[in-house]
Amino acid sequence: MSQILRVEGLYKTFGHGDIFRDVSFTLDSGETIGLFGMSGSGKSTLGRCIVGLERCTSGKIYFEGDDVSTVPKKMRPLLRTKMQMIFQHPEISFDPRRRLIDSVTEPLVYHTKQDQQDVFRSLFPLIEAVGLHHQLFEKYPGQLSGGELQRAMMVRIYSLSPKLIVADEPTSMLDMSVQAQVLNLMKDLQQKNNTACVFISHDPEVMQIMCDRIGIITDGTCTLVEKEEFDDWVSYMGS
Amino acid sequence: MNSILEVTDLNVSFPTRNGVIHASQQVSFRISKGKSCVLVGETGSGKSVIGQSVLRLLPQKSIISGSIRYKGLDILTLSEEEFSHLRGREISLVPQNPSASLDPLMKCGDQIAESVELRGVKKSSVTEEVLHILSNLRFLDPVRVSLSLPSRLSGGMRQRVATGIALASKPQFLVLDEPTKGLDYAARTSTIDILHHIKANRQDTQLLITHDLDLAHRIGDTMGVLYSGELVEFGPVNEIFSNPLHPYTKGLISALPRNGMKPIPGSCPGFLNLPKGCYFHKRCPHPCARGEDVHPEICDISEERQVRCHRFSA
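From a predicted model like this one, the values you see are computed outputs, not experimental measurements. (Residues numbered from 1 in each chain as written. Chains lettered and ligands numbered in written order. Predicted model: local features only at pLDDT ≥ 70, side-chain atom pairs only at ≥ 80, totals over all residues. Heavy atoms only, no water.)

## Examining the sheet that holds strand S5 (residues 73-74) of chain B
Residues and elements named next belong to chain B.
Right, so step 1: Taking strand neighbours across the sheet as the criterion, the 4 strands line up as S2-S1-S4-S5 in an open arrangement whose pairing is antiparallel. A single partner strand is all that each edge strand has here, and the edge strands are strand S2 (19-32) and S5.
Right, so step 2: With 7 bridges joining them, strand S1 (residues 3-16) and strand S4 (residues 63-70) adopt antiparallel strand pairing. Note on S4: the bridge partner recorded for Thr8 is Ser67.
Right, so step 3: Most of the contacts of helix H1 (residues 47-55) go to S1, to which it runs at about 110°, and overall it touches S1, S2 and S4. (Pairing = 2+ DSSP bridges. Helix = DSSP H or I, 4+ residues; strand = E, 2+ residues; numbered from the N terminus. Contact = heavy atoms within 4.5 Å. Axes fitted to C-alpha atoms, helices over the stretch in contact; angles between N-to-C directions.)

This is the structure we're talking about:
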């Protein structure tokens, strides 16, 4: 397995203090690392710093061995395609005034300069893999359920063949059975594509199923534990 | 049985531009005094519509039939003025999303005090009563919470304040609408603990609406499982969890992470495209020929258990 991500001594500070400090870990292709913490612990901010949606105060992020802060401006769009993020609220991840087909094909049309219909046809196997019908993509986001939207988001993200996915509580707003559908689908796609994943959640049971290692974020520090150790920690906290 | 609430053949429909949505269809159940009845189901299964029907908070354009008897009184036939003597006093609501239900510009104590005053408590005793309610909700520093704005509290604490407002009028019947939705793990655990504490220490009858099966298991005495607007299974909580009969109930329980997170294939039919036969037929692991064309009726399995499935009907 090749190393996809290396985070070294990452700090994020807002006016009132450190959100997180001295966070370091590595992530190999096909591996899932969890970030676990309560609301406001800084786990989402850490995820956003990793994909470059927010600047960290200090520290280094290496993606496929390259320091992302030194990647030339021209190369950044290509880097962005390799690092994708799934957000918590599928209903606001899409533009409500555009049909799904427009939102889902947009990144690939932008990067490959192909015709939208050609791009869309090339996505049919992926659309089938996530259990949706291609006719559904003619609709607007408001006409679909949360589970359908999150699966459509998977199509958009996996169409770019990313090397790293940061999933920020992707199922916390979904029902239990829909959560099972989406998470199983994520695992399947991840295995098939050998994608590395940073999985952010506050649900220890979901962490136990999805992650190989888990970073527990408390009071700004991230403690990395193996899955078995996390199980013990959860049992201890539960008692 | 001494039933406090008896819902019989409740139908709720909403006319829309694209057709009529039947959000609740022939729903019948009863809740005995001091017991908790849980309605579980996925988003859009119609569980909140039933809660809103009991509180008469449905939009005016909704079409309601059937009856909802509270202590023998059909609340659907009461005038708004008559019902206002019950709602917020005898019947109270713990709303979902406390961040949106609390007034952001009013101190938490003052918000609880409004409900206490409705009971006719003397002004000089209101503060004492508010602090008593907050202590019962296991706040370590009730005075600080009472003087805080909601924005200064965590999600779990806000949920407890919203519960405090509902309890302040000393209701006999409590409707809890998704009290753990959107809360993180710690807040959810503390909310479940507090609801369990309330149930153990008070004699309220409760209607709990949730998709959180852990909460349902911990708090409920009886449980109804809703699918596409109708009850597909009803019975004692422990029996349903240990021996679920309807394939949808089995699917919900199997989808829990600790049970292997096995998904139910497919998705719910939309309310505008409900099939002629069994609504669950396309997703059913044991589809039967009758289910394709004949809609199953809910049938009694024992004195306490009911299920809507052709495999159990005579």
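## Considerations on the side chain of B:Lys47
Right, so step 1: Mapped onto the secondary structure, B:Lys47 falls in helix H1.
Right, so step 2: With residues near it in sequence (within four places) discarded, B:Lys47 still touches B:Leu39, B:Val40, B:Gly41, B:Glu42, B:Glu178, B:Ile209, B:Thr210, B:His211 and B:Leu226.

## Overview of the sheet that holds strand S8 (residues 196-201) of chain A
Backbone hydrogen bonds hold the strands of a sheet together, and the pairing may be parallel or antiparallel.
Residue and element names in this part refer to chain A.
Right, so step 1: Reading across the sheet, the 6 strands line up as S6-S7-S8-S3-S9-S10 and stay open at both edges, with mixed pairing between neighbours. Lying at the two open borders of the sheet, with one neighbouring strand each, are strand S6 (83-86) and strand S10 (221-226). When strand polarity is set aside, the average angle formed by the axes of neighbouring strands in this sheet is 20°.
Right, so step 2: As defined by bridge partners, S6 adjoins strand S7 (residues 164-168) across 4 bridges and the pair is classed as parallel. Residue pairing in the sheet places Ile86 in a bridge with Ala167 of S7.
Right, so step 3: Running over the sheet, helix H6 (residues 146-158) touches S6 and S7 and is turned about 175° from S6.
Right, so step 4: Here helix H7 (residues 176-193) sits on the sheet and contacts strand S3 (32-36), S6, S7 and S8; the angle it forms with S8, its principal contact strand, is near 160°.

## Some thoughts on the packing of aromatic side chains
Right, so step 1: As enumerated under the stated definition, the model contains 10 aromatic pairs over all chains in all.
Right, so step 2: Ring centres of A:Phe230 and A:Trp233 lie 5.9 Å apart, and the angle between their planes is 25°; this geometry places the pair in the stacked category. One end of the pair, A:Phe230, and the other, A:Trp233, are both in helix H9 (residues 227-238), 3 residues apart, so they sit about a helical turn from each other.
Right, so step 3: Given the relative accessible area of 26%, A:Trp233 is considered partly exposed.
Right, so step 4: With a centroid separation of 4.5 Å and an interplanar angle of 55°, the aromatic rings of B:Tyr227 and B:Tyr248 are classed as tilted. Taken together, the residues span a long stretch of sequence, with B:Tyr227 in strand S9 (residues 222-227) and B:Tyr248 in helix H11 (residues 247-254) at a distance of 21 residues.
Right, so step 5: B:Tyr248 sits in the buried class, given a relative accessible area of 0%.
Right, so step 6: An aromatic cluster is present here, built from A:Phe36, A:Phe230 and A:Trp233 joined pairwise through their rings.
Right, so step 7: Sitting above the plane of the A:Tyr62 ring, A:Arg6 keeps its charged end 4.2 Å from the centroid.
Right, so step 8: Lying over the aromatic face of B:Phe139, B:Arg160 brings its terminal NZ or CZ to 4.5 Å of the ring centre. (Phe/Tyr/Trp six-rings, centres within 6.5 Å; stacked < 30°, edge-to-face > 60°. Buried < 20%, exposed > 50% of the residue type's maximum accessible area, 1.4 Å probe, protein only. Lys NZ or Arg CZ within 6 Å of the ring centre and 35° of its normal.)

## Quick word on the environment of B:Pro247
Residues and elements named next belong to chain B.
Right, so step 1: Within the secondary structure layout, Pro247 lies in helix H11.
Right, so step 2: Expressed as a C-alpha distance, the spacing of Pro247 and Phe280, which sit 33 residues apart in the sequence, is 8.6 Å.
Right, so step 3: When neighbours within four sequence positions are excluded, Pro247 is seen to be in contact with Phe280, Cys284, Pro285, Cys309 and Arg311.

## What about empty space enclosed by the protein?
Residues and elements named next belong to chain B.
Right, so step 1: In this structure the tally under the stated criterion is 4 cavities of 30 Å³ or more.
Right, so step 2: What the largest cavity holds in volume is close to 100 Å³.
Right, so step 3: Every residue lining the largest cavity is counted, 14 residues in all, and those nearest its centre are Cys278, Cys284, Cys288, Cys309 and His310.
Right, so step 4: When the residues that make up the lining of the largest cavity are grouped by side-chain class, the tally is 8 nonpolar, 5 polar and 1 charged. (1 Å grid on protein atoms, 1.4 Å probe; cavity = no way out; pocket = protein on both sides within 12 Å on 5 of 7 lines; lining within 4 Å. Points joined across faces, edges and corners; volume = space filled by probe spheres on them. Nonpolar A, V, L, I, M, F, W, Y, C, P; charged D, E, K, R; others polar.)

## A word on the interface of chain A and chain B
Right, so step 1: Across the contact, 19 residues belong to chain A and 21 residues belong to chain B.
Right, so step 2: Counting the surface lost from both chain A and chain B, the interface buries some 1800 Å², and carbon and sulfur atoms represent 60% of this.
Right, so step 3: Sorting the residues of chain A by area buried against chain B places A:Asp175, A:Met176 and A:Glu205 first, and these three jointly supply 31% of that buried surface.
Right, so step 4: B:Arg258 is paired through a salt bridge with A:Glu205; the nearest N and O atoms lie 2.8 Å apart. (Buried area = accessible area lost by both parts, 1.4 Å probe. Salt bridge = Lys/Arg side-chain N within 4 Å of Asp/Glu carboxyl O.)

## Regarding unusual backbone geometry
Residues and elements named next belong to chain B.
Right, so step 1: Here the phi dihedral of Asp9 falls at roughly 45°; this positive angle occurs in a residue that is not glycine.
Right, so step 2: Tracing the backbone shows Asp9 in strand S1.
Right, so step 3: Residue Asp9 is classed as partly exposed on the basis of its relative accessible area, which comes to 35%.
Right, so step 4: Look at Arg138: it is not a glycine, yet its phi comes out positive at around 65°.
Right, so step 5: Note that Arg138 resides in the loop between helix H5 (123-136) and helix H6 (142-146).

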